[in-house]
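Each chain, written out:
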Amino acid sequence: QAKRPTESATEYSRAIDVFRRLVLRNPDHVDFLGYLAGTLNNLADVQQSLRRFDEARDRADELAAIAAGNGEPRGPGDGARARALLAAASGDLPGAVDRWRAAVDVFVAIALPFELGQAQVGLGSTLRRLGKRAEAAERLAEARRTFESIGAPLLVARVDAEVQRLGARRVPGGTELT
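Residues numbered from 1 in each chain as written. Predicted model: local features only at pLDDT ≥ 70, side-chain atom pairs only at ≥ 80, totals over all residues. Heavy atoms only, no water.

*Asks:* Honestly, the confidence of the model for the chain in this entry has me stumped. Any pointers?
*Replies:* Parts of the prediction with low pLDDT should not have their coordinates interpreted in detail. Of the residues in the chain, 60% reach a pLDDT of 70 or more, and the chain-wide mean stands at 78. Mean pLDDT values over the elements of the chain span from 59, in helix 2 (residues 30–49), up to 96, in helix 7 (residues 133–149). (pLDDT = per-residue confidence, 0-100. Helix = DSSP H or I, 4+ residues; strand = E, 2+ residues; numbered from the N terminus.)

See the structure below:
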């Protein structure tokens, strides 16, 4: 049974407390930093879905601080992603586009295809909301190729659904969507 967002937020908050303690005790342990960053990112997502934007912004700021202070290579991308989601949720679509582009750049540079695909979908979706349909279709085609390259059919289907919101039957350079 799926958890309600409030239950998820509580569980993520507890996990963050544990990971913070682990990071304080072992500041050079990369896995602990990664777990903390990922959990902060997930909590920011849940808080946004609950429309707790101030709390989500705090998590995004904490994530960015961890990345800046510890040199975690994916941290700036995760921070940009969290801030892009916040900007889009609060109606700042141009700001969200800038942050999505920053996340894409980080994930390309450090070769994280899953995270790259997620950022490409976020960028494409935000461009669609801004009415930039051609550019949105290009970004979504990139996301589709990224997810196909890592064998992620469920995420390919998610991209296809986003392309359908554009009213397109094909992604540029891609296959016909059903």
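Next comes the rest of the write-up.
*Asks:* Could you clarify how one ought to interpret the packing of helix 5 (residues 93–109) against helix 6 (residues 113–129) in this entry?
*Replies:* Pairs of packed helices are described in terms of their axes, by the angle between the two and the distance that separates them. Relative orientation of the contacting elements helix 5 and helix 6 amounts to 160°, with a least axis distance of 9 Å. Taken together, the axis directions place helix 5 and helix 6 in an arrangement best described as roughly antiparallel. Handedness of the helix 5/helix 6 crossing: left-handed. Contacts from Leu93, Ala96, Val97, Trp100, Arg101, Ala103, Val104, Phe107 and Val108 of helix 5 reach helix 6 at Glu115, Leu116, Gln118, Ala119, Gln120, Gly122, Leu123, Thr126, Leu127 and Arg129. Residues of the contact of helix 5 with helix 6, tallied by class, amount to 12 nonpolar, 4 polar and 3 charged. (Axes fitted to C-alpha atoms, helices over the stretch in contact; angles between N-to-C directions. Parallel < 35°, antiparallel > 145°, perpendicular 65-115°, else oblique. Left-handed = near helix turned anticlockwise from the far one by under 90°. Contact = heavy atoms within 4.5 Å. Nonpolar A, V, L, I, M, F, W, Y, C, P; charged D, E, K, R; others polar.)

*Asks:* I would appreciate a short explanation of the side chain of arginine 144 in the present structure.
*Replies:* By the secondary structure assignment, arginine 144 is in helix 7. Polar contacts involving the side chain of arginine 144 include one to the side chain of aspartate 160, which spans 2.5 Å. (Polar contact = N/O pair within 3.5 Å; in protein donor to acceptor, adjacent residues only side chain to side chain.)

*Asks:* Where do I start with unusual backbone geometry in this structure?
*Replies:* In most cases, non-glycine residues show a negative phi, while peptide bonds are predominantly trans. Despite not being glycine, alanine 111 has its phi angle at roughly 55°, a positive value. Within the fold, alanine 111 resides in the loop between helix 5 and helix 6. A relative accessible area of 60% places alanine 111 in the exposed class. (Buried < 20%, exposed > 50% of the residue type's maximum accessible area, 1.4 Å probe, protein only.)

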